[in-house]
Amino acid sequence: MAINFQVTTMNSYSVKELLSENLLLQEVTINGWVKTFRSNRFIALNDGSTINNIQCVVDFESFDEDVLKQVNTGAAVKITGTLVESQGKGQKVEIQVTGLMIHGGADPETYPIQPKKHSLEFLREKAHLRIRTNTFAAIMRVRSALSFGVHQYFQQNGFNYFHAPIITGSDAEGAGEMFKVSTLDSKNPPLTEDGNIDYKEDFFGKETNLTVSGQLEAETYAMALGKVYTFGPTFRAENSNTSRHLAEFWMIEPEMAFFDLNDNMDLAEDFIKNVIKYVLENCQDDLRFLEKRLLDEEKTKPQAERSEMPLIEKLKFVSENSFKRVTYTEAIDILRNSKPNKKKKFKYPINEWGADLQSEHERFLVEKHFKCPVILFDYPATIKAFYMRLNEDGKTVRAMDILFPGIGEIVGGSQREERLDVLKEKMAALGIDEEELWWYLDLRKFGSAVHSGFGLGFERLVLFATGMGNIRDVIPFPRTPQNAEF
Ligand code: 4AD
Ligand code: MG
């Protein structure tokens, strides 16, 4: 039996339904928040279902002054009336109001989200209310659609959703500084004989942390289910106060048995293009709004800093054109001979092979040199994680990073080292304890095979899709150094 689930709050319609379905001349009820109330006559009402408001026309003589006084920006109201063709410009339909009930008012003296332009910085301090603005409502609807697009892509392509643990006992990934998880009394922790904290007495009987990546665990599942993906929160305690870093962010990590690096790159490119197509198809109103917002903002910037393409065109461009694939070695040559390097414009000049790439270099390659998304691969082993597969040259590994315009690194991934002896050597050289990763090594002892995967920072994808400039504005409640309000 099919379950027909329909949420009908007090038999009401959503604004989206009222605007898109043919309900003309019907008696309708709608609940929402007042955006504006003009001339004691026109209420612009929004309920979060769409960027568009429904206009509700009030005949002020039919209502108590006391009630009308409470129809302020931010108030929650219930409106009943007839849906009619609009007399005015700007909307096709409107509600001729016959009933008006105030759920809860919003004092105009103290309600912070007034109908005027607020700075993003101001709104960050009001993160519990900023979602009432058009901009944040649009961003978060796009974020939601993107999440669905991610699941849809993997589910339709034979992947199993794998829930990686959040608390982990291994810190060997080396992806970043970790947050400790402990229930020990921080003022008076139990000590071992030599004066160190005795984690045997801690909740898990060992040191534990919040995960920086679900990859190592995902590998175990890929080596049984074939193709898996994680999509969950990850934590990094690095003190990077940038517009691209969060201490808590969501990462998507597919992991595939029998995939080599080329298969991995093909998948990553196809995946990104498809989720972008998904929002292009499903978030048109919000993207148009965000595009206009961006164009208005760009007008205030100097010409050189303006982006070359409007948002929707940029998303189409990325979803329709091939990403450029370049080895690290080729990229270093390009960078070494680049104008900014020769003119000493880079903060970190590129002198020799082996240098780690900074975001200034990544952005030069993507935005100035290739002018399209770039996949860099075959990095020096010395600047990448222990688990990446060593190439025949003995000095590079099968790593790949995807670099995006305006974002920099959006994906990091690799083909994994499947050879037990090579992996052990690598771990020994880096001082990684074999005992700690005994289960990871087991994968190389029993039915080992070529396998690969990557991690995509979800917020960086949302940044790209919405055209926003600061990662704090694309996650509901950002966690960054010195900031965990709400
Ligand atoms: O490059 P990273 O560190 O790779 C890994 O963690 C691998 N274990 C992934 C894998 O192969 N399964 O992180 C992957 C991506 C980055 O490319 C970036 O998009 C995002 O995660 N990311 C962050 N996003 C927001 N804030 C941070 N602090 C981030 N650190 C990484
Ligand atoms: Mg990386």
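Numbering of residues starts from 1 in every chain and runs along the sequence as written. Chains carry letters from A onward and ligands carry numbers from 1 onward, assigned in written order. The model is predicted, so local features are restricted to residues of pLDDT at least 70 and side-chain atom pairs to those at 80 or more, both for listing and for counting; the totals for chains, interfaces and linings are taken over all residues. To obtain the side-chain values, all non-hydrogen atoms of the structure were used and water was disregarded.

1. Some remarks on the side chain of D47
Then comes step 1: One can find D47 in the loop between β2 (42–46) and β3 (54–57).
Then comes step 2: Buried and without a salt bridge, D47 has R141 as its closest oppositely charged side chain, separated by 6.9 Å.
Then comes step 3: What qualifies as a polar contact is a pair of N or O atoms within 3.5 Å, subject to a donor-acceptor requirement within protein and to the restriction that residues adjacent in sequence count only when both atoms come from side chains. Here S49 takes part through its side chain, which lies 2.6 Å from a polar atom of the side chain of D47.
Then comes step 4: Contacts are assigned to residue pairs with any non-hydrogen atoms lying within 4.5 Å of each other. Once residues lying within four places of it in the same chain are set aside, the contact partners of D47 are Y13, S14, V15, I30, N31, G32 and W33. A run of DSSP states H or I qualifies as a helix once it reaches four residues; a run of E qualifies as a strand once it reaches two. Both are numbered from the N-terminal end. Burial classes follow relative accessibility: with a 1.4 Å probe on protein chains only, a residue under 20% of its type's maximum area counts as buried, one over 50% as exposed, and anything between as partly exposed. Residues scored as charged are limited to Lys and Arg (positive) and Asp and Glu (negative), so that His and the chain ends carry no count. Whenever a carboxyl oxygen of Asp or Glu lies within 4 Å of a side-chain nitrogen of Lys or Arg, that contact is scored as a salt bridge.

2. A word on the sheet that holds strand β4 (residues 76–85)
Then comes step 1: By this definition, two strands are paired if DSSP reports at least two bridges between them. Overall, mixed pairing links the five strands, which are arranged β1-β2-β3-β5-β4 in a closed barrel. Going across the sheet, the axis of each strand differs from the next one's by a mean of 55 degrees, ignoring polarity.
Then comes step 2: As paired strands, strand β1 (residues 27–38) and β4 are joined by seven bridges and run antiparallel to one another. Among the inter-strand pairings, N31 is bridged to a residue of β4, identified as K78. To get an axis, a line is fitted to the C-alpha atoms, and for a helix only the part in contact is used. The angle between two axes follows their N-to-C directions and goes from 0 to 180 degrees.

3. Considerations on the packing of aromatic side chains
Then comes step 1: Any two rings among Phe, Tyr and Trp, with Trp reduced to its six-membered ring, count as a pair given centres within 6.5 Å; such a pair is stacked if its planes are under 30 degrees apart, edge-to-face if over 60, and tilted if neither. Using the criterion set out here, one finds 21 aromatic pairs in the structure.
Then comes step 2: For the ring pair Y153 and F271, a centre distance of 5.4 Å and an interplane angle of 55 degrees mean the geometry is tilted. Note that Y153 is positioned in helix α4 (residues 134–156) and F271 in helix α6 (residues 261–282), a separation of 118 residues in sequence. Across the pair, exposure class does not vary: Y153 and F271 are buried alike.

4. Looking at helix α11 (residues 359–370)
Then comes step 1: The end-to-end C-alpha distance of α11, which contains twelve residues, comes to 15 Å, matching closely the 16 Å that a straight helix rising 1.5 Å per residue would cover.
Then comes step 2: For α11, the set of buried residues is H361, E362, F364, L365, V366 and F370.
Then comes step 3: Contact partners of the buried residues in α11: β12 (324–327), α9 (328–336), α10 (339–342), β13 (374–380), β14 (396–404) and β15 (408–415).
Then comes step 4: Phi turns positive, to about 55 degrees, at K371, one or two residues after α11. To estimate how far a helix should reach, multiply one less than its number of residues by 1.5 Å.

5. Some details on a nonpolar patch on the surface
Then comes step 1: Exposure above 30% relative accessible area and no salt bridge define the residues that can form patches, which grow by joining like charges within 9 Å and nonpolar side chains of Val, Leu, Ile, Met, Phe, Trp and Tyr within 5 Å. Every accessible area reported is derived by Shrake-Rupley at a probe size of 1.4 Å, with residue values counting cover from the shown protein chains alone. On the surface, a cluster of nonpolar side chains totalling about 380 Å² of accessible area is made up of I166, I167, F203 and F204.
Then comes step 2: Locating F203 in the fold gives a position in the loop between β8 (180–181) and β9 (208–210).

6. Some points on the domain arrangement of the protein chain
Then comes step 1: An automatic or database domain assignment provides the domain bounds reported here. According to the domain assignment, the protein chain contains domain 1 (12–112) and domain 2 (132–177 + 215–229 + 251–473).
Then comes step 2: In this structure, domain 1 and domain 2 have C-alpha centres spaced 44 Å apart.
Then comes step 3: Contacts between domain 1 and domain 2 engage nine residues on the former and eight residues on the latter.
Then comes step 4: In this description, buried area is defined as the sum, over both parts, of the accessible area (probe of 1.4 Å) that is lost when the two are combined. When the two sides are added together, the surface that domain 1 and domain 2 hide from each other amounts to roughly 660 Å², 42% of it contributed by carbon and sulfur.
Then comes step 5: Summed over the three residues of domain 1 that lose the most area to domain 2, namely K35, I51 and Y111, the buried surface amounts to 67% of that side.
Then comes step 6: Where domain 1 touches domain 2, the interface holds zero salt bridges.
Then comes step 7: In this assembly, domain 1 and domain 2 are joined by five residue pairs in polar contact (both at pLDDT 80 or more).
Then comes step 8: Charged residues are taken to be Asp, Glu, Lys and Arg, nonpolar residues to be Ala, Val, Leu, Ile, Met, Phe, Trp, Tyr, Cys and Pro, and polar residues to be all remaining types, Gly included. Residues of the side of domain 1 that touches domain 2, tallied by class, amount to three nonpolar, five polar and one charged.

7. Examining the site of ligand 1
Then comes step 1: The near set for a molecule or strand comprises every residue that places at least one heavy atom within 4 Å of it. If you check the shell around ligand 1, you find 24 residues, and the closest are E173, Q215, R236, E253 and E409.
Then comes step 2: Within the side chain of S213, an N or O atom sits 3.0 Å from a nitrogen atom of ligand 1.
Then comes step 3: Between ligand 1 and G412, the relevant distance is 3.4 Å, taken from an oxygen atom to a main-chain nitrogen or oxygen of the residue.
Then comes step 4: Across the complex, the protein chains shield 92% of the 630 Å² of accessible surface that ligand 1 would expose by itself.
Then comes step 5: For the shell around ligand 1, the elements supplying multiple residues, two or more each, are β11 (248–257), β15 and β16 (451–457).
Then comes step 6: Here the shell around ligand 1 gets five residues from one element, more than from any other, and that element is β15.
Then comes step 7: The class makeup of the residues in the shell around ligand 1 is eight nonpolar, eight polar and eight charged.

8. What to know about the nonpolar core
Nonpolar side chains in soluble globular proteins generally cluster together in the buried interior.
Then comes step 1: The biggest cluster of nonpolar side chains holds 65 residues, and the ones touching the most others in it are L146, F271, I272, M400, I402 and F404.
Then comes step 2: Take this core: its biggest share by element is eleven residues, from α6.
Then comes step 3: Built from parts of two domains, this core gets at least three residues from each of domain 1 (12–112) and domain 2 (132–177 + 215–229 + 251–473).
Then comes step 4: Residues in contact with F404, not counting those within four places in the same chain, are I272, I276, V318, F323, V366, E367, P373, I410 and F464.
Then comes step 5: For our purposes a nonpolar core is just a set of buried Ala, Val, Leu, Ile, Met, Phe, Trp, Tyr and Cys residues, chained together by side-chain atoms within 4.5 Å. Core analysis: the second largest hydrophobic core is formed by 32 residues, V374, V397, A399 and I432 among them.

9. Let's talk about unusual backbone geometry
Then comes step 1: Phi is positive for F258, which is not a glycine, with a value near 65 degrees.
Then comes step 2: Within the secondary structure layout, F258 lies in the loop between β11 and α6.
Then comes step 3: For K344, which is not glycine, the phi dihedral falls at a positive 55 degrees.
Then comes step 4: With respect to the helices and strands, K344 occurs in the loop between α10 and α11.
Then comes step 5: For K344, a relative accessible area of 72% gives the class exposed.

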